[in-house]
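Residue-level listing of the chains:
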Amino acid sequence: MRINIYQIDAFTDQLFGGNPAAVCPLVNWLDDEILQNIAIENNLAETAFFVQSSENRFHLRWFTPEFEMDLCGHATLASAFVIIEELGNKYNEVLFDTQSGLLTVKKVGDYYELDFPSRPPKKSSLPKIISDGLNIQPKEIWKARDYLLVYDTEDDIESIKPNIAILNQINIDPGGIIVTAKGKSENVDFVSRFFTPQATVFEDPVTGSAHCTLVPFWADRINKTELRALQISKRGGELLCQLNKDRVLIKGKAVKYLEGTIEL
């Protein structure tokens, strides 16, 4: 059996930037064990699989090397990119049925706009093991799927050096740890980084799903519904975001790095 595979850098217009995701179009679903093993072999933060169900509608699933995820932004963007740019489809909008409900991706100029559920955080407390694993302590602690740790400045976010050995003692399955602060540039509303203890990729380069929490938080904090965000990982990524009631719209670009074939 041969399966086509693409590797797409999402939330960037530059190769080796943004967040890489593998995308595998399928005719029919394979056993979950095979899907998981492909994700393990790819050794990327996410591998996306989809099966077409109607004209522009697809069933989409995401796998990390450890388990199946409930929501993933960059691999959804990458999947839409493959469907529209690589498979010869002329859709301006792609519908995905997922564990997180119906997700849509629209082609808007050079961007892909994701329509995701909003996940506003609630005030929380920080487990001691997370506190022990951070060299700079947050000013505020919030939580939705992920812990949301708020800092004073972008410089704080850049200076965080997580102790991976300590943080890998906690499992936030399927969530992670967001650290965030206001942007120091006038045209950047907020910055963030994202850590996933016990994951193959400890610091995720650009995390679309985390912005389902970041956007409602910062929209309320700075009284804006349209926001420009930067995830300041080593690879880095830009996200143009909008809060629309109980939905978060996230726009980003993507580029193809690799196309090949898996032989099973």
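The sections below set out a description of the structure shown in this document. Just so you know, these numbers come straight off a predicted model, no measurement behind them.

What follows is about a nonpolar patch on the surface. A grouping of Leu 15, Phe 16, Tyr 257 and Leu 258 is seen on the molecular surface, where their side chains present a nonpolar patch of about 400 Å² in accessible area. With respect to the secondary-structure elements, Leu 15 resides in the loop between strand S1 (2-10) and strand S2 (19-26).

A few words now on unusual backbone geometry. A cis geometry characterises the amide bond from Asp 173 onward to Pro 174, with omega recorded as 0°. Residue position: Pro 174 is located in the loop between helix H5 (164-167) and strand S12 (177-182). Its identity is not glycine, yet Phe 11 carries a phi of approximately 65°, on the positive side. Mapped onto the elements of the fold, Phe 11 is located in the loop between S1 and S2. A relative accessible area of 2% means that Phe 11 is categorised as buried. Of note in this structure, Asn 43 is not a glycine but carries a positive phi near 60°.

To continue, consider the pattern of salt bridges. Taken as a whole and judged by the stated rule, the model has 21 salt bridges. Put simply, Arg 193 and Glu 203 hold a salt bridge, and the shortest N to O gap is 2.8 Å. Of this pair, Arg 193 sits in strand S13 (residues 190-195) while Glu 203 sits in strand S14 (residues 203-204); the two residues are 10 residues apart in sequence, bridging distant segments of the chain. Judged by relative accessible area, which is 9%, Arg 193 ranks as buried.

As a further point, take the layout of surface pockets. Rolled over the atoms, a probe as big as a water molecule pinpoints where empty space is left. A volume near 340 Å³ is recorded for the largest pocket. Along the walls of the largest pocket sit 28 residues, with Glu 46, Thr 64, Met 69, Thr 196 and Ala 199 positioned nearest its centre. Class assignment for the residues of the lining of the largest pocket results in 12 nonpolar, 11 polar and five charged.

What counts and what doesn't
- Along each chain, residues carry numbers from 1 onward, in the same order as the chain's sequence is written.
- Thresholds applied to this predicted model are a pLDDT of at least 70 for local features of residues and 80 or more for the giving and counting of side-chain atom pairs; totals over whole chains, interfaces and linings are not thresholded and use all residues.
- Computation of side-chain values: all heavy atoms of the structure, hydrogens and water removed.
- Patches draw on residues past 30% relative accessible area with no salt bridge. Two like charges within 9 Å are joined, as are two nonpolar side chains (Val, Leu, Ile, Met, Phe, Trp, Tyr) within 5 Å.
- Exposure was quantified through the Shrake-Rupley algorithm and a 1.4 Å probe, taking into account, for residues, occlusion by the shown protein chains and nothing else.
- Salt bridge, as applied in this entry: a Lys or Arg side-chain nitrogen positioned within 4 Å of an Asp or Glu carboxyl oxygen.
- Here a helix means four or more residues in a row that DSSP labels H or I, a strand means two or more in a row labelled E, and each is numbered from the N terminus.
- Note on exposure labels: buried denotes an accessible area under 20% of the residue type's maximum, exposed denotes more than 50%, and partly exposed covers the range between, all computed with a 1.4 Å probe on protein chains only.
- Here a cavity denotes grid points, spaced 1 Å and computed from the protein atoms alone, that fit a 1.4 Å probe unable to get out, and a pocket denotes an open set having protein on both sides within 12 Å along at least 5 of 7 lines; residues with an atom within 4 Å of a point are the lining.
- Grid points are joined across faces, edges and corners, and a volume is the space filled by probe spheres set on the points.
- Ten residues, namely Ala, Val, Leu, Ile, Met, Phe, Trp, Tyr, Cys and Pro, are considered nonpolar, four, namely Asp, Glu, Lys and Arg, are considered charged, and the remaining ones, Gly among them, are considered polar.

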